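Reading the structure
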Amino acid sequence: MSTPAKAPVLLVHGLWLHASSWQPWIVHLARSGYAATAPGWPNEPATVQEARANPSAVAGYGIDAVVEHYASIIATMPAKPIVIGHSFGGLVAQRLLGQDLAAAAVGLDAAPIKGVLSLPVSSLRVASIALRDPRNRGRAVSLTREQFRYGFGNAVSQAESDQLFDEWAAPSPGRPLFEAAFSAFSPKSPTTIATRNSGRGPLLLTAGGRDHTVPASISHATKKLYRHSPAVTDIIDFPGRGHSLGIDSGWTEVADAVTGWLAKQGR
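Residues numbered from 1 in each chain as written. Predicted model: local features only at pLDDT ≥ 70, side-chain atom pairs only at ≥ 80, totals over all residues. Heavy atoms only, no water.

Considering helix α10 (residues 251–264)
Here is the rule: Each helix corresponds to a stretch of at least 4 residues labelled H or I by DSSP, and each strand to a stretch of at least 2 residues labelled E; elements are numbered beginning at the N terminus. Given a helix with a known number of residues, its expected span is that number minus one, times 1.5 Å. Burial classes: relative accessible area under 20% of the type maximum marks a residue as buried, over 50% as exposed, and values in between as partly exposed (1.4 Å probe, protein chains only). This arc describes the spread of directions from the helix axis toward the C-beta atoms.
Taking 1.5 Å per residue as the helical rise, α10 with its 14 residues ought to reach 20 Å, and the 20 Å between its terminal C-alpha atoms agrees with that figure. Listed in full, the buried residues belonging to α10 are W251, V254, A255, V258, T259, W261 and L262. For α10, the arc enclosing every buried residue in end-on projection is 160°, short of the 170-degree limit, so these residues lie on one face. Facing away from the buried side of α10 by more than 90 degrees, the exposed set consists of A263 and K264. Positive phi shows up at G266, right after α10, with a value of about 70°.

Re empty space enclosed by the protein
Unoccupied space between atoms shows up once a probe the size of one water molecule is rolled over them. Using the following cut-off: With a 1 Å grid spanning the protein atoms alone, the term cavity applies to any set of points in which a 1.4 Å probe fits but cannot get out, the term pocket to an open set with protein on both sides within 12 Å along at least five of seven lines, and the term lining residue to any residue with an atom within 4 Å of a point. Grid points are joined across faces, edges and corners, and a volume is the space filled by probe spheres set on the points. Charged residues are taken to be Asp, Glu, Lys and Arg, nonpolar residues to be Ala, Val, Leu, Ile, Met, Phe, Trp, Tyr, Cys and Pro, and polar residues to be all remaining types, Gly included.
Tallying each qualifying case throughout the model produces two cavities of 30 Å³ or more. Taken as a whole, the largest cavity spans an internal volume of roughly 70 Å³. As for the largest cavity, its lining consists of 14 residues, of which E44, P45, V58, P171 and S172 are closest to the centre. Here the residues of the lining of the largest cavity are counted per class, giving nine nonpolar, four polar and one charged. Quantified by volume, the second largest cavity comes out at close to 60 Å³.

Regarding the sheet that holds strand β8 (residues 233–238)
Heads up, the rule is: Strand pairing is defined by DSSP finding a minimum of two bridges between the two strands. Residue contacts follow a heavy-atom distance rule, with two residues in contact if any of their heavy atoms lie within 4.5 Å. Axes here refer to lines fitted to C-alpha atoms; in helices the fit is confined to the stretch in contact. Angles between the N-to-C directions go from 0 to 180 degrees.
The parallel open sheet is built from six strands, whose spatial order is β2-β1-β3-β4-β7-β8. At either margin of the open sheet sits one strand with a lone partner, and together these are β2 (36–37) and β8. Contacts from helix α1 (residues 23–31) reach β1 (9–12), β2, β3 (82–86) and β4 (104–108) within the one sheet, and its direction differs from that of β1 by about 160°.

Some remarks on the side chain of R241
Counting through the fold element by element, R241 comes out in the loop between β8 and α10. When its relative accessible area of 11% is taken as the criterion, R241 is described as buried. What R241 contacts, discounting residues up to four positions off in sequence, is A155, G208, G209, R210, D211, D248, G250, W251, E253 and V254.

Some details on the layout of surface pockets
Reported here for the largest pocket is a volume of approximately 230 Å³. Along its surface, the largest pocket is lined by 19 residues, and F88, P112, S123, A127 and L177 are the ones closest to its centre. Elements represented by at least two residues in the lining of the largest pocket include exactly α5 (121–131) and α8 (175–181). By residue number, the principal contributor to the lining of the largest pocket is α5, which donates five residues. Approximately 170 Å³ is the volume attributed to the second largest pocket. Taken together, P112, I113, V116, L117, L119, A180, A181, S183, A184, F185 and T191 form the lining of the second largest pocket. For the lining of the second largest pocket, the class distribution of residues is nine nonpolar, two polar and no charged.

Quick look at the environment of L117
With respect to the helices, strands and loops of the structure, L117 is situated in the loop between β4 and α5. Overall, L117 belongs to the exposed group, its relative accessible area being 73%. Sequence spacing of L117 and G250 is 133 residues, and the spatial spacing of their C-alpha atoms is 30 Å.

As for the packing of α1 against α10
Heads up, the condition is: Each angle receives one of four descriptions, namely roughly parallel if under 35 degrees, roughly antiparallel if over 145, roughly perpendicular if within 65 to 115, and oblique otherwise. The hand of a helix crossing depends on one turn: near helix anticlockwise from the far one by less than a right angle means left-handed, and clockwise means right-handed.
As a packed pair, α1 and α10 sit with axes 11 Å apart at the nearest point and diverge in direction by 45°. The orientation of α1 with respect to α10, classified from their angle, is oblique. The hand of the α1/α10 crossing is right-handed. Here α1 contributes P24, W25, H28 and L29 to the contact with α10, which in turn contributes W251, T252, V254, A255, D256, V258 and T259. The class makeup of the residues in the contact of α1 with α10 is seven nonpolar, three polar and one charged.

As for unusual backbone geometry
Backbone geometry at W16 places phi at a positive 70°, although glycine is not the residue there. With respect to the secondary-structure elements, W16 resides in the loop between β1 and α1. The backbone of D100 sits at a positive phi, close to 60°, despite the residue not being glycine. Tracing the chain through its elements places D100 in the loop between α4 (88–98) and β4.

The following block contains the structure:
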């Protein structure tokens, strides 16, 4: 009897990284039998260099537009994919799972969904890069090397943080940060997730213990919001890891944890 084919994997990056940052994961997942793709956000240029040269290409896109973009990609796939997202990509993965468009989802230090009310100071400091100027709602926002070090690379060496910045950092739309910041005041916030969906596929969240952008408390608060659903919702803590946990020198630890969890879910 032949072994059933595994579901395809859709990789969704978050703010301030380019889709090419997933390339090592694509290779790694292939070794475990998964066919993975990492299409960029709407209108994202093909390379980091092009994205930096033309930041306005991604300006103005909000969470709904990003979700619709990936939903349209899923519609062309042969089966419901496993969606793995980082940061705001993790929020997008949860939206797609809640809408029954994904077979399973993984949120690597996922951005806070509606209902997560307490944001640590470090998270607010990172978000303020965009929020300090209301005009950034319609603009693309870039990080400096120092801002990347604080928001992503604080748990690795300065040299490694700089290398990650040079290789994969890219401008991103500021709108998602405004949408997340004001979600408590918006009944139809795009950060709203169908957390009570009892028929959805399994969900895995991760919590980086040294993450400044999405501290572990946010990931654990997110998990609590799923308490009314009997569907699988798990969380894995990575105590010494920062927001770069999916791209830095320890990324294979995270990838192996994800594939191990997927195997336990029969995915």
